[in-house]
Amino acid sequence: MPHPTVEPMTETERADETAMNTMADDSKPQAVPVVAVVLAAGFGTRFDPDNPKQLVSVGGKPIVCWSIEAFERCARVSDIVVVVNSKVRGEVESLIDQRGYGKVRVVIDGGAERVDSTAAALDTLAQAGIPGDAKILIHDAVRPFVAQSAIDGSIDALDQFKAATVAYASTDTVLLTQDLGDLKVVKSVPDRPNTFRAQTPQSFRFSTIRKAYGLASQDPDFHPTDDTRVVVDYLPNEPVAIVSGAETNLKITTLEDIPTAERIAEQLEGFDPKEAARARMHAMLAQAAGQMR
């Protein structure tokens with residue numbers, strides 16, 4: 001099913017948006033709640049089973065804090081729900097308190113899979129009486145560098161559509177495959193202009209995503225890996241708009257992603273990981289010298 005596309009910003013518009021991303025956007029008042037759901041419940045066995053990746057520091061800041069702050073500083077976002085793995089709930093709640101994230105309304109435990117965590121957040125919002133036309137932005141905490149333009153574009157897209165996803169145009173040819181014996185073989189090759197790499201946030205009117213999850217829960221084979229798939233599969237007549245993403249909206253999956261993440265953090269905030277490492281070493285040497293006196 002073809003997806004409508006939300007036109008990306010021009011360079012001038014992006015520059016203006018960047019300059020104003022910490023200021024209230026009075027020209028776009030929100031008539032309904034805009035709720036960001038930050039999913040930080042995965043434990044990342046592909047990353048490091050002993051170090052939950054949402055708590056790993058990148059650019060001098062825990063990964064989960066980058067994601068929360070992206071929505072905290074967007075004036076149009078009214079509320080934030082953080083979904084965590086119960087094993088790190090205490091640490092995440094401490095970070096939220098220490099850093100004063102005033103839009104975080106609740107921290108809840110997630111589930112065994114990503115869709116279970118989303119379902120838990122949707123149930124929490126329903127119990128809180130969130131209206132059906134509320135705008136819900138669901139974001140993977142391990143995409144710490146989501147741009148304000150992507151958040152703003154997602155909110156805008158829901159004025160015209162009931163579902164939207166941030167996505168980045170694929171620069172590679174994508175192959176659709178099928179099994180043939182022990183091997184995969186090419187089934188079809190879609191035209192490159194029609195192929196995108198899904199990112200987050202993935203955004204919905206609350207009643208739409210609730211309806212999709214309600215239908216999906218009745219399917220014993222329900223195992224989607226993201227929320228857009230739930231709408232596409234179970235509400236096939238509901239168009240999902242594409243909001244322009246960016247290559248920097250990186251998903252940190254393995255330890256090999258950390259150097260790239262550090263470079264992005266350095267570009268965004270002028271953080272120098274080598275300088276930070278030198279500072280830590282100097283501090284350790286100073287402490288050791290003090291203990292020897």
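Residues numbered from 1 in each chain as written. Predicted model: local features only at pLDDT ≥ 70, side-chain atom pairs only at ≥ 80, totals over all residues. Heavy atoms only, no water.

Turning our eyes to something else, we now look at the UniProt feature "site: Positions MEP for the nucleophilic attack" (unreviewed entry) in the chain. If you check UniProt for "site: Positions MEP for the nucleophilic attack" (unreviewed entry), the listed places come out as R192 and K251 in our numbering. In this fold, R192 is placed in the loop between β9 (183–188) and β10 (196–205). When neighbours within four sequence positions are excluded, R192 is seen to be in contact with S170, T171, D172 and T173. Of note is the side chain of R192, whose polar atom sits 3.0 Å from the side chain of T173. Considering the arrangement of structural elements, one finds K251 in the loop between β11 (241–244) and α8 (258–269). (UniProt positions renumbered as here; feature names shortened; annotations may be inferred. Helix = DSSP H or I, 4+ residues; strand = E, 2+ residues; numbered from the N terminus. Contact = heavy atoms within 4.5 Å. Polar contact = N/O pair within 3.5 Å; in protein donor to acceptor, adjacent residues only side chain to side chain.)

Turning next to the packing of aromatic side chains. Each aromatic ring pair is described using two quantities: the centre-to-centre distance and the angle formed by the ring planes. Considering all chains together, one arrives at 3 aromatic pairs under this definition. Both rings, one in W66 and one in F145, keep their centres 5.0 Å apart while their planes meet at 75°; by these two values the pair is edge-to-face. Residue W66 is located in helix α2 (residues 63–72), and its partner F145 is located in the loop between β6 (135–140) and α5 (148–157); the two are separated by 79 residues in the primary sequence. One exposure class covers both W66 and F145, and it is buried. Look at Y213 and F222: their rings are 5.9 Å apart centre to centre, the planes differ by 90°, and that puts the pair in the edge-to-face class. Here Y213 falls in the buried class, since its relative accessible area comes to 8%. What links up through ring pairs into an aromatic cluster is the set Y213, F222 and Y234. Positioned above the aromatic ring of W66 is the side chain of K61, whose terminal nitrogen or guanidinium carbon lies 4.1 Å from the ring centre. (Phe/Tyr/Trp six-rings, centres within 6.5 Å; stacked < 30°, edge-to-face > 60°. Buried < 20%, exposed > 50% of the residue type's maximum accessible area, 1.4 Å probe, protein only. Lys NZ or Arg CZ within 6 Å of the ring centre and 35° of its normal.)

All right, on to the environment of W66 then. With relative accessibility at 6%, the residue W66 sits in the buried group. In sequence terms W66 and A141 are 75 residues apart; their C-alpha atoms lie 8.1 Å from each other. Dropping the residues within four chain positions of it, W66 is found in contact with V58, G59, K61, P144, F145, A265, L268 and E269. A polar contact is formed between the side chain of W66 and the backbone oxygen of V58, at a distance of 2.8 Å.

Strands belonging to one sheet form pairs held by backbone hydrogen bonds; the direction of such a pair is parallel or antiparallel. Strand order in the open sheet formed by 7 strands is β5-β4-β1-β6-β10-β7-β11, and the pairing between neighbours is mixed. Strands with a single pairing partner mark the edges of an open sheet, and in this sheet they are β5 (104–109) and β11. Recorded for the sheet is a direction-independent mean angle of 25° between the axes of neighbouring strands. One ladder, built from 4 bridges, connects strand β7 (residues 163–169) with β11; its direction is parallel. Within β11, the position partnered with A167 by the bridge is S244. Running at roughly 175° to strand β1 (residues 34–40), α2 makes contact with β1, β4 (79–84), β5, β6 and β10 of the sheet. Those strands touched by helix α6 (residues 206–216) are β6 and β10, and its axis lies near 110° from that of β10. (Pairing = 2+ DSSP bridges. Axes fitted to C-alpha atoms, helices over the stretch in contact; angles between N-to-C directions.)

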